[in-house]
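Single-letter residue listing:
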Amino acid sequence: MKTVLVVEDELKIARLVRDYLQQAGFAVLEAADGASALAMARSEKPDMVVLDLGLPEVDGLDVTRRLRAASAVPIIMLTARSEESDRIVGLELGADDYIVKPFSPKELVARIRAVLRRADATLGGGELVRAGPITIDIPKMRVTIGEDEVELTATEFQLLLTLARHPGRIYTRAQLLDALHGVSFESYERSVDAHVKNIRRKIEPDPRRPKMVLTVYGVGYKFADA
Ligand code: CA
């Protein structure tokens, strides 16, 4: 059974999410503030964190930053409609996905499953993908450039893998979201940009002049064709 840590200071929402996740077959841990969330993540090692960005004291972005510094645990942010810039920052800090309040618990469960599937993509096969200087070991979810291993989140890994499998092929943001979620949400297309920015920071010698993950203006992205 997968364990989800739900971090939410609004009791009503926390209960709703807890009940729904339990019905969906997840074990649920709860924290109502950032400090206890971080302590619980350390001691209980959940498989997933669902994190409200609007928390008292230590805010959700700080929690994201500190969680990411310590582990690759998948993070889905809960955000208010007005927090658009915060969710872009959250994605840049390495959160995997977000969902905007008010949300349907059913959609949250679908997102959790999609993100966990990506994180679990370690199973099966012995497949290697090579593109440019990059080697992607799919079962091990390991990306290397020469001898150096690159630490990517599950989302960044899936995005890079999608692009690198077909160098030269152009993907729209909606197609890349499809590869991540199985469903595309037009309003979320900007989140692809944040993930690409993270990937470039990690793999490109000069992230401002990318040689691997290239922008196709007005369309989307492609991996450089050799
Ligand atoms: Ca809140």
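To keep things clear, this report deals only with the structure shown in the data block.

What counts and how
Residues numbered from 1 in each chain as written. Predicted model: local features only at pLDDT ≥ 70, side-chain atom pairs only at ≥ 80, totals over all residues. Heavy atoms only, no water. Helix = DSSP H or I, 4+ residues; strand = E, 2+ residues; numbered from the N terminus. Donors = N, O, S within 2.8 Å, 3.2 Å for Na, K, Ca; no water. Buried < 20%, exposed > 50% of the residue type's maximum accessible area, 1.4 Å probe, protein only. Expected span 1.5 Å × (residues − 1). Pairing = 2+ DSSP bridges. Axes fitted to C-alpha atoms, helices over the stretch in contact; angles between N-to-C directions. Contact = heavy atoms within 4.5 Å.

Digging into the environment of Ala69
Among the secondary structure elements, Ala69 is positioned in helix α3 (residues 60-70). Ala69 sits 25 residues away from Gly94 along the chain, and the two C-alpha atoms are 9.6 Å apart.

Topic: the coordination of the calcium ion
Protein coordination at the calcium ion: the donors are Asp9 (OD), Asp52 (OD) and Gly54 (O), at 2.2 to 2.4 Å from the metal. Spacing between the donor residues of the calcium ion along their common chain follows D-x42-D-x1-G. Taken together, the residues Asp9 in the loop between β1 (3-7) and α1 (11-23) and Asp52 in strand β3 (residues 48-52) connect sequence positions 43 residues apart.

Topic: the environment of Ile112
Tracing the backbone through its elements, the reader meets Ile112 in helix α5 (residues 105-119). The buried category is assigned to Ile112, whose relative accessible area is 0%. Distance from Ile112 to Ile76, taken between C-alpha atoms, is 7.5 Å for residues 36 residues apart in sequence.

A closer look at α5
Taking 1.5 Å as the rise per residue, α5 with 15 residues should run 21 Å; its terminal C-alpha atoms sit 21 Å apart, in good agreement. Three or more residues of α5 are buried, namely Pro105, Leu108, Val109, Arg111, Ile112, Ala114, Val115, Leu116 and Arg118.

Brief notes about the sheet that holds strand β9 (residues 148-150)
The strand order β6-β7-β8-β9 describes an open sheet built from four strands, whose pairing is antiparallel. The outermost strands of the open sheet, each flanked by one partner alone, are β6 (128-131) and β9. Here the average twist between neighbouring strands, direction ignored, is 25 degrees. In this structure, β6 lies alongside strand β7 (residues 134-137), joined through four bridges in antiparallel fashion. Note that in β7 the partner of Arg130 across the bridge is Thr135. In this fold helix α6 (residues 154-165) packs onto β6, β7 and β8 (142-145), with an angle of close to 115 degrees to the strand it touches most, β7.

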